[in-house]
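# Topology and contacts: notes
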Amino acid sequence: MDPWTELVRFDACPGDPHRPTSTPIYQTATFERPDASCEGGYDYTRSGNPTRSVLEGQLARLEGAAHALAYASGMAALSGLVRILRAGDHVVAGTDLYGGTHRLLGQILPRLGVAVTHAPATDPVAFAAAIRPGTTKLALIETPSNPLQEVADIRRLAEIARAGGARLAVDNSLLSPWLQKPLAHGADVVVHSATKALCGHGDVTGGVLATNDAALAEELAFFRNAEGSALAPFESWLLLRGVKTLGLRVERQQETARRVATWLASRAASASASARRVARVHYVGLPHHPGRAIHERQAAGPGSVISFETGSVEASRALIAALELFTCAVSFGSITSTVSLPCAMSHASVPAGQRVLPEDIVRLSIGIESADDLIADLSSALASLPRARMAL
Ligand SMILES: *Cc1c(COP(=O)(O)O)cnc(C)c1O
């Protein structure tokens, strides 16, 4: 089936005799059993719930995976993934990662006896050198990274991980499966913060792990049930509803993001004093992006997150304060546009020594508003800033 059809055409209620066209919210903790056993069928919502099962079927289909598991948040999904590790194991992770991922890897895994090395995912030679064959069990990357938009070659890193006996996990939150399906390029596991593009409405926190490895899926399900980190029925329903419009949202947001990024890049190239407030634009959809060729081999588009530098943290803060349409908020992928200062917000938990981000970097997440209105807002906010004091 064509992906547009797949988004909305699926069995919304397997086995339901009333055939509702929208999946019911099975808002129940327990299910009556036909006899005094828990074998087969649903018994308890922590272990399994029909609303969540329909959602997981859709998520698996979208990622081209045989199995998908929905979690209470993206971090719950990542925590579920690292549960496969044991004391003495080693992880190689990219350098430009979500702040919460840095915190999990840097502050929780060492307590469990798991060592972590960060290596640039953009540099396969350096990444390969960080792998300890037989000891490294997991490699974890984001591509494009957020907010720097550095591109990693999924197929190459999957080969490197496999050669060292490790699994490659790709956090695909930034693009969503509408634009990139890492399993098709050799990744073993896909991770999502479903809070972002998959939900798309900024009203749910959720996470996903998807894989084609049946043994791994079984192990993940065991930990999720044992630790109680699965997504609740109402959240599953909201997420299922959001996913139906994934294509419409992502295409529209991306089209607008291309226009905004092109406009910002033209401001960066221009010579007027306020234009100099846009110093460098990071967006994989721009023509001279260094990762563009690799990105185009593995993804269908650049997505809707853009970042840029202004030259100073004060200018970035003043710009954010002057914007009216862009809400100052963490997260991305929602239908409403947001702006943030990652070093003070989403990435504040990255230890200063490991931070690869410029302190003044501003991140935009483009929603479904009119591109003209968004550009007008950016234009007047930039014009309102005091003239650049720094040298040219
Ligand atoms: C937000 C985010 C997470 C964490 O997800 P939550 O749903 O906030 O727990 C993980 N990875 C990336 C890339 C994210 O953007």
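Quick caveat, the model's predicted, so the values are computed rather than measured. (Residues numbered from 1 in each chain as written. Predicted model: local features only at pLDDT ≥ 70, side-chain atom pairs only at ≥ 80, totals over all residues. Heavy atoms only, no water.)

## Structural notes on the site of the ligand
In the vicinity of the ligand, the contacting residues are Ser 73, Gly 74, Met 75, Tyr 98, Glu 142, Asp 171, Ser 173, Ser 193, Thr 195, Lys 196, Gly 206 and Phe 332. A distance of 2.6 Å is found between a nitrogen atom of the ligand and a side-chain nitrogen or oxygen belonging to Asp 171. Interatomic distance of 2.6 Å between a side-chain N/O atom of Lys 196 and an oxygen atom of the ligand. When atom positions are compared with the pocket grids, the ligand is found to occupy the largest pocket. (Near = heavy atom within 4 Å. Polar contact = N/O pair within 3.5 Å; in protein donor to acceptor, adjacent residues only side chain to side chain. 1 Å grid on protein atoms, 1.4 Å probe; cavity = no way out; pocket = protein on both sides within 12 Å on 5 of 7 lines; lining within 4 Å. Sits in = over half its atoms within 2 Å of the grid points.)

## Remarks on the layout of surface pockets
Considering only enclosed or pocket space, the largest pocket measures out at about 390 Å³ in volume. As for the largest pocket, its lining consists of 24 residues, and the residues nearest its centre are Met 75, Tyr 98, Ser 193, Thr 195 and Lys 196. Listing elements by their share of the lining of the largest pocket, those giving two or more residues are α3 (74–82), α4 (99–108) and β6 (189–193). Grouping the constituent residues of the lining of the largest pocket by class yields eight nonpolar, eleven polar and five charged. Approximately 320 Å³ is the volume attributed to the second largest pocket. Contributing to the lining of the second largest pocket are 16 residues, with Arg 280, Val 281, His 282, His 289 and Pro 290 lying nearest its centre. If one sorts the elements of the lining of the second largest pocket by residue count, strand β8 (residues 280–282) sits on top with three residues. Of the residues contributing to the lining of the second largest pocket, the split by class is eight nonpolar, six polar and two charged. (Points joined across faces, edges and corners; volume = space filled by probe spheres on them. Helix = DSSP H or I, 4+ residues; strand = E, 2+ residues; numbered from the N terminus. Nonpolar A, V, L, I, M, F, W, Y, C, P; charged D, E, K, R; others polar.)

## With respect to the sheet that holds β6
The seven strands lie next to each other as β1-β7-β6-β5-β4-β2-β3, forming an open sheet whose pairing is mixed. Of all strands in the sheet, those bounded by a partner on one side alone are β1 (67–71) and β3 (115–118). Shown here is a sheet whose adjacent strand axes are inclined to one another by a mean of 20°, direction ignored. Lying on the sheet, helix α7 (residues 214–227) is in contact with β1, β5 (167–171), β6 and β7 (207–211); it crosses β1 at an angle near 20°. (Pairing = 2+ DSSP bridges. Axes fitted to C-alpha atoms, helices over the stretch in contact; angles between N-to-C directions. Contact = heavy atoms within 4.5 Å.)

## Describing helix α6 (residues 154–163)
Ile 154, Leu 157, Ala 158, Ile 160 and Ala 161 are the residues of α6 that are buried. Viewed along the axis of α6, the buried residues span an arc of 165°, placing them on a single side of the element. Summarising the contacts, the buried residues of α6 are in contact with α5 (124–130), β4 (136–142), β5 and α10 (292–298). Count one or two residues on from α6 and you reach Gly 165, which has phi positive near 80°. (Buried < 20%, exposed > 50% of the residue type's maximum accessible area, 1.4 Å probe, protein only. Arc of directions from axis to C-beta.)

## What about the environment of Ile 108?
For Ile 108, the position within the fold is in helix α4. Residues Ile 108 and Ser 79, 29 residues apart in the sequence, show an inter-C-alpha distance of 9.5 Å.

## A word on the nonpolar core
Within the largest apolar cluster, 30 residues are counted, with the highest numbers of intra-cluster contacts made by Leu 55, Leu 59, Leu 198, Leu 239, Val 243 and Leu 246. Secondary-structure elements contributing two or more residues to this core are α2 (50–63), β1, β7, α8 (233–244) and α9 (246–269). Not counting residues up to four positions away in its chain, the partners in contact with Leu 59 are Ala 68, Leu 198, Val 208 and Val 243. In this structure, Ala 257, Phe 308, Phe 326 and Ala 381 belong to the second largest nonpolar core, which totals 26 residues. (Core = buried A, V, L, I, M, F, W, Y, C linked by side-chain atoms within 4.5 Å.)

## Re the side chain of Glu 6
Residue position: Glu 6 is located in helix α1 (residues 3–8). The charged side chain of Glu 6 is buried without a salt bridge, its nearest counter-charge being Arg 61 at 5.0 Å. Setting aside residues no more than four positions away along its own chain, Glu 6 makes contact with Met 1, Gln 58 and Arg 61. (Lys, Arg positive; Asp, Glu negative; His and termini not counted. Salt bridge = Lys/Arg side-chain N within 4 Å of Asp/Glu carboxyl O.)

## A word on the confidence of the model for the chain
On average, residues of the chain score 95 in pLDDT, and 97% of them reach the 70 mark or higher. By mean pLDDT, the top-scoring element of the chain is β7 (99), and the lowest-scoring one is β8 (95). (pLDDT = per-residue confidence, 0-100.)

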